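Coordinate analysis (summary)
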Amino acid sequence: MKKTAFVLSFALGALAVPALASDDISKVNGSIRTTAGGTYRDLDTVNGSITVDAGVKARNIETVNGSIRIGDNAEAVRVETVNGSIRIGRNVTLGSKVETVNGSIFSDHGSHIGGSVETVNGGIGLVGTAVAKDIETVNGDITVGVGSEVQGGIHVKRPSFSLSLTAPRKPRVIIGPNAVVHGELQFEREVVLYVHRSARIGNVKGATVQTFDSDTAPQN
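Here's what I pulled together on the structure shown here.

Rules used throughout
- Residues numbered from 1 in each chain as written.
- Predicted model: local features only at pLDDT ≥ 70, side-chain atom pairs only at ≥ 80, totals over all residues.
- Heavy atoms only, no water.
- Helix = DSSP H or I, 4+ residues; strand = E, 2+ residues; numbered from the N terminus.
- Buried < 20%, exposed > 50% of the residue type's maximum accessible area, 1.4 Å probe, protein only.
- Contact = heavy atoms within 4.5 Å.
- Polar contact = N/O pair within 3.5 Å; in protein donor to acceptor, adjacent residues only side chain to side chain.
- Pairing = 2+ DSSP bridges.
- Salt bridge = Lys/Arg side-chain N within 4 Å of Asp/Glu carboxyl O.
- Phe/Tyr/Trp six-rings, centres within 6.5 Å; stacked < 30°, edge-to-face > 60°.
- Core = buried A, V, L, I, M, F, W, Y, C linked by side-chain atoms within 4.5 Å.

With respect to the helices and strands, the residue Thr-34 is situated in the loop between β2 (32-33) and β3 (40-44). A residue is classified by how much of its surface remains accessible, and Thr-34, at 5% relative accessible area, is buried. In this structure, Thr-34 is in contact with Tyr-40, Leu-43, Thr-51, Val-52, Asp-53 and Val-56, ignoring residues within four places of it in sequence. Here Asp-53 takes part through its backbone nitrogen, which lies 3.0 Å from a polar atom of the side chain of Thr-34.

What follows covers the sheet that holds strand β20 (residues 154-156). Pairing is parallel across the open sheet formed by ten strands, whose spatial order is β1-β3-β5-β8-β11-β14-β17-β20-β23-β26. For this open sheet the edge positions go to β1 (23-26) and β26 (204-205), each flanked by a neighbour on one side alone.

Summed over the entire model, instances satisfying the criterion amount to ten salt bridges. As a salt-bridge pair, Asp-53 and Arg-33 come within 2.9 Å of each other at their nearest N and O atoms. Here Asp-53 is found in the loop between β4 (50-52) and β5 (60-62), whereas its partner Arg-33 is found in strand β2, with 20 residues between them in sequence. Owing to a relative accessible area of 13%, Asp-53 belongs among the buried residues under this scheme. A relative accessible area of 60% places Arg-33 in the exposed class.

With that out of the way, let us pick up the packing of aromatic side chains. Under the definition given, this model contains one aromatic pair. Seen in terms of ring centroids, Tyr-194 and Phe-212 are 6.4 Å apart; in terms of plane orientation they differ by 90 degrees. Their pairing is edge-to-face. Remark: Phe-212 occurs in strand β27 (residues 209-212) and Tyr-194 occurs in strand β24 (residues 192-196); sequence separation between them is 18 residues. Taking the relative accessible area as the measure of exposure, Phe-212 reaches 5% and is therefore buried.

Take the sheet that holds strand β19 (residues 149-150) next. Here seven strands make up an open sheet; going across it, the order is β7-β10-β13-β16-β19-β22-β25 and the pairing parallel. Each having just a single partner strand, β7 (75-76) and β25 (200-201) make up the two edges of the open sheet. When strand β22 (residues 180-181) meets β25, the two strands line up parallel, connected through two bridges. The partner of Val-181 across the bridge, within β25, is Ile-201.

Residues Ile-61, Ile-70, Ile-154 and Ile-175 are the most contacted members of the largest nonpolar core, which totals 40 residues. Not counting residues up to four positions away in its chain, the partners in contact with Ile-70 are Val-52, Ile-61, Val-79, Arg-87, Ile-88, Gly-89, Val-92 and Leu-94. With five residues, the next largest nonpolar core counts Ile-174, Val-192, Phe-212 and Ala-217 among its residues.

Time to look at the side chain of Glu-99. On the secondary structure map, Glu-99 appears in strand β11 (residues 98-99). A relative accessible area of 19% places Glu-99 in the buried class. Those residues in contact with Glu-99 that sit more than four places away from it in its chain are Arg-78, Val-79, Glu-80, Thr-81, Ile-86, Ile-105 and Glu-118.

Here you go:
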């Protein structure tokens, strides 16, 4: 994958989506579901989930208390929730970042994310996905799965101070077969880092690499 073509495709996609969009859907209480193949501007709610069906084109997709599910071959710019998971189907094009606070993020084969992927308390999983910027979390596990490419780096931030009688759980960070992370892997807290022998990564700061050869990382 060539970086110039990668960046250009996102720029063209980000320009095309708003130009084609026609309708907003905005709620305070209630879920949103689109029509497959439909074209929209912003989809937003406060208390409710958002389901974006296959082939939909939209601009911003946002909720506060609810999950977001994006079907195959959809296009959007920004995807964000606070308390909820985000699931991205196959061959989805997103022009900007994907973000949640309390919830997981998963992206499937052939999808392209034109910004960063960020959580605070939630895992991040990529399979065959291209990310234009960084992956960031505080307490979540990260899997850059088979065939995924991250143009930026990985940053696991130090958690804010909290009182606890037990040792904090160590996040697991896995760079899978034939995955690439071009930027630095920076860890401000202790993690368990597994990197497949076929993967390529940038400099590592704050963790020790454990290599593996199998299809999946060790479970210990």
